[in-house]
Every structure is written in structure tokens, then in C-alpha cells.
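# Structural overview
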Amino acid sequence: MKLIRVENYEEMSSKAAELVEQQILGNDHSVLGLATGSTPLGLYENLIQGVKERGISYRNIHTVNLDEYRGLAGTHPNSYRYFMNKKLFGHIDIDLENTHIPDGKAKSVEAECERYEALIHEIGPPDLQILGMGMNGHIGFNEPGTKEESVTHCVSLDPSTRNSNARFFSDRDEVPTHAITMGIESILKSKQILVLVSGKNKAQAVKRLLAGRVSEEFPASFLWKHNRVTLIVDKEAYSLVAANEE
Ligand SMILES: O=P(O)(O)OC[C@H]1O[C@](O)(CO)[C@@H](O)[C@@H]1O
């Protein structure tokens, strides 16, 4: 795992954008794996700037997102489809037909998971997958206990994840109880993975990740099984590791 230590969220976001743009400049037909949550927002702002100021084009880029809440339509303001359209896709020259996110409202969740996994293989796997990490080590919505062999599946969300994501909803009870997520195996198929972690509330998770012990109990630890992972971590998120080094 390649570690890039940066000062703060802004630097993490601009460094990440630099790496994404490098990928696009190297192959303008790249497949990007994208994430939601607070972490990649700064990255997306930088990518939007890249279109306006650096002439980066997404005309031939395809994207696959990691996950979507079960039960929310793409028009729901808390759905990840809505998030992606608002925070990125609506501001860059990407063809929306080339952007893919699981359908949270699909009638049959099993059929939707199968369709999405097949789609990842058909257009992908991603040349570059962006990941955030939950405080409990979740990647996508793969909660502790998820098997390494997991492909796209429906998960019951951990109470800690629902609590943490409640900040996006007007009421905690509105946070969906289930989500569709790419599995660990689906994520590890990506050719390259870029993990972004920022803030004090992730310091414990960074410490656990960098301890290097691979365990189902901490899903992000499976990233040690991939040979092209870059972790960009800011000072606060790295603080507990730094304290150990002193
Ligand atoms: O970036 P945040 O909001 O801390 O969330 C971390 C991770 O949690 C998820 O939002 C799922 O809850 C992931 O998509 C994200 O990478």
C-alpha cells in the first residue's frame, strides 16, 4: 500500500484529483469507480474545476458507483444517484448513460445485484476505484463480517453506519436499513484503488488499517490483498499512527 500523507482535507482532495486526472489523461476511455459520503466531495469539486480550467473531458469516461440505499429512487435527495448527479455528473461533460449506480428501487434485489455485478464485468473492472472508509472499516457498504469472496449484494446496515449517515437525513429513522453494495471481491478486481481518509474521527480506523492485519472484522484490511492501492491520509486521520511513531 502506497501511503501519501497530506496536511488536511483540501490537500487530500487536490492530490486525489491530480491522480484521477492523470488516469483520464492516460486513457480517455477509462472506467472510474466512484464513492459517495463526505470524503470525496472535495475531490469532486476539484474534478469539476479540472473540466472548467484544465480542459479535462469525461466524454468517453464510464463510471460505476459502489453502492445505493435500498428503497430510495434515484430522484430521492438522499439517494446516491441524486448525490452523484448533484455533486459531480451535473457539472462535467459526462454522458449520464455511461454512469452506473445500483437501482435502490429494483423490484427484485437479487436480480439487481446480479445485473450490477455483470455490468461491472462488462464495462469494467474500474481502472481506478475511489474509496472512502467508514469508522468501522467499511468500504462501500461492506460492513464488518463481510466475506472476501463477496460480490454485489444487499446488506443490512450496521447501526453505527446508520447513526453516522443520519447527518444527511432529517430524522435518524429515515436512514434506510439496507443497501446494495459492490462486494469485497468486486472492489478488489479494480486495477488500481485510491483510498481517501480525512479527519480525527477516522484516526482509529487508519491505525487499524495500517496495522496490516487482514480480517473480516475490518473490511478495509482486505485492501492489503491488492497490489496497487494508494492511501491518501491527512494529518488528523494519521494522528494515532503518528503518536505511536514518536
Ligand atoms: O466519507 P464518509 O461520509 O465518512 O463515509 C465513508 C464511507 O461510507 C459510505 O458513505 C457508506 O456509508 C461510503 O460510501 C463511504 O466511502
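In every chain, residue numbers begin from 1 and rise along the written sequence. The predicted origin of the model limits local features to residues at a pLDDT of at least 70 and limits the giving and counting of side-chain atom pairs to 80 or more, whereas totals for whole chains, interfaces and linings rest on all residues. As a rule here, side-chain values come from all non-hydrogen atoms in the structure, and water together with hydrogens is ignored.

### Things to note about the overall build of the protein
Put simply, the test is: Only DSSP runs of H or I reaching four residues or more are called helices, and only runs of E reaching two or more are called strands; each is numbered from the N terminus. What the globule rule says is 2.2 Å times the number of residues to the power 0.38, and the radius of gyration is computed from C-alpha atoms. Burial classes follow relative accessibility: with a 1.4 Å probe on protein chains only, a residue under 20% of its type's maximum area counts as buried, one over 50% as exposed, and anything between as partly exposed. Under the counting rule used here, the positive set is Lys and Arg, the negative set is Asp and Glu, and His together with the chain ends is not counted. For this purpose, a charge sits on NZ of Lys, CZ of Arg, CG of Asp or CD of Glu.
The helix and strand tally for the protein stands at eight helices and ten strands. Whereas a compact globule of 246 residues would reach a radius of gyration of roughly 18 Å, the protein reaches 17 Å, a difference of no more than 12%. In terms of overall dimensions, the protein has a C-alpha envelope of 50 × 40 × 35 Å along the principal axes. Counting all 246 residues of the protein, 54% fall into the buried class. For the protein, the distance from the average position of its 27 positive side-chain charges to the average position of its 34 negative side-chain charges is 2 Å.

### Regarding the UniProt feature "domain: Glucosamine/galactosamine-6-phosphate isomerase" (unreviewed entry) in the protein
As a reminder of what qualifies: UniProt positions are given in the numbering used here, feature names are shortened, and annotations may be inferred rather than shown by experiment.
In the numbering used here, UniProt assigns the feature "domain: Glucosamine/galactosamine-6-phosphate isomerase" (unreviewed entry) to residues 11-228. Between the end C-alpha atoms of residues 11-228 there is a gap of 21 Å, over a span that is 34% helix and 14% strand.

### Section: the pattern of salt bridges
The condition is simple: By definition here, a salt bridge exists when the distance from a side-chain nitrogen of Lys or Arg to a carboxyl oxygen of Asp or Glu is within 4 Å.
According to the stated counting rule, one finds eight salt bridges in the structure shown. Note that Asp 127 and Lys 191 form a salt bridge whose closest N and O atoms lie 3.1 Å from each other. One end of the pair, Asp 127, is in the loop between α4 (109-123) and β6 (128-131); the other, Lys 191, is in the loop between α6 (184-188) and β9 (193-197), and 64 residues separate them in sequence. A salt bridge links Glu 148 to Lys 225; its shortest N-O distance comes to 3.1 Å.

### A few points about unusual backbone geometry
Here the residue pair Gly 124 and Pro 125 is connected by a cis peptide bond, since its omega of 0° sits within 30 degrees of zero. With respect to the element layout, Pro 125 can be found in the loop between α4 and β6.

### With respect to the site of the ligand
Worth spelling out the cut-off: By convention in these notes, a residue is near a molecule or strand provided one of its non-hydrogen atoms lies within 4 Å of it. Distance and chemistry together define a polar contact, namely a pair of N or O atoms within 3.5 Å, with one atom able to donate a hydrogen and the other to accept it when in protein, and with adjacent residues in sequence counting only for side-chain atoms on both sides. Per-residue and other accessible areas were derived by the Shrake-Rupley procedure at a 1.4 Å probe size, with only the shown protein chains allowed to occlude residues. Buried and open spaces are told apart on a 1 Å grid over the protein atoms alone, a cavity being a set of points where a 1.4 Å probe fits but cannot get out and a pocket being an open set with protein on both sides within 12 Å along at least five of seven lines. Residues with an atom within 4 Å of a point are the lining residues. Assignment of a molecule to a cavity or pocket requires that more than half of its atoms lie within 2 Å of the corresponding grid points. Gly falls in the polar group here, along with every residue not listed as nonpolar (Ala, Val, Leu, Ile, Met, Phe, Trp, Tyr, Cys, Pro) or charged (Asp, Glu, Lys, Arg).
As a matter of local geometry, the ligand sits amid 16 residues, with Ser 38, Thr 39, His 138, Arg 167 and Lys 202 nearest to it. Contacts to the ligand include Ser 38, whose backbone N or O atom sits 2.8 Å from an oxygen atom. At a separation of 3.0 Å, an oxygen atom of the ligand approaches a polar side-chain atom of Asn 165. About the coverage of the ligand: the protein hides 95% of its 380 Å² of free accessible area. Judged by the proximity of its atoms to the pocket grid, the ligand belongs to the largest pocket. Here the shell around the ligand is composed, by residue class, of three nonpolar, ten polar and three charged.

### Observations concerning empty space enclosed by the protein
The line we're drawing: Grid points are joined across faces, edges and corners, and a volume is the space filled by probe spheres set on the points.
In this structure the tally under the stated criterion is one cavity of 30 Å³ or more. Estimates place the volume of the largest cavity at around 40 Å³. Every residue along the wall of the largest cavity is listed here: Leu 32, Leu 34, Leu 47, Tyr 58, Thr 63, Leu 88, Phe 89, Ile 92 and Ile 94. Here the lining of the largest cavity is built from residues that sort into eight nonpolar, one polar and no charged.

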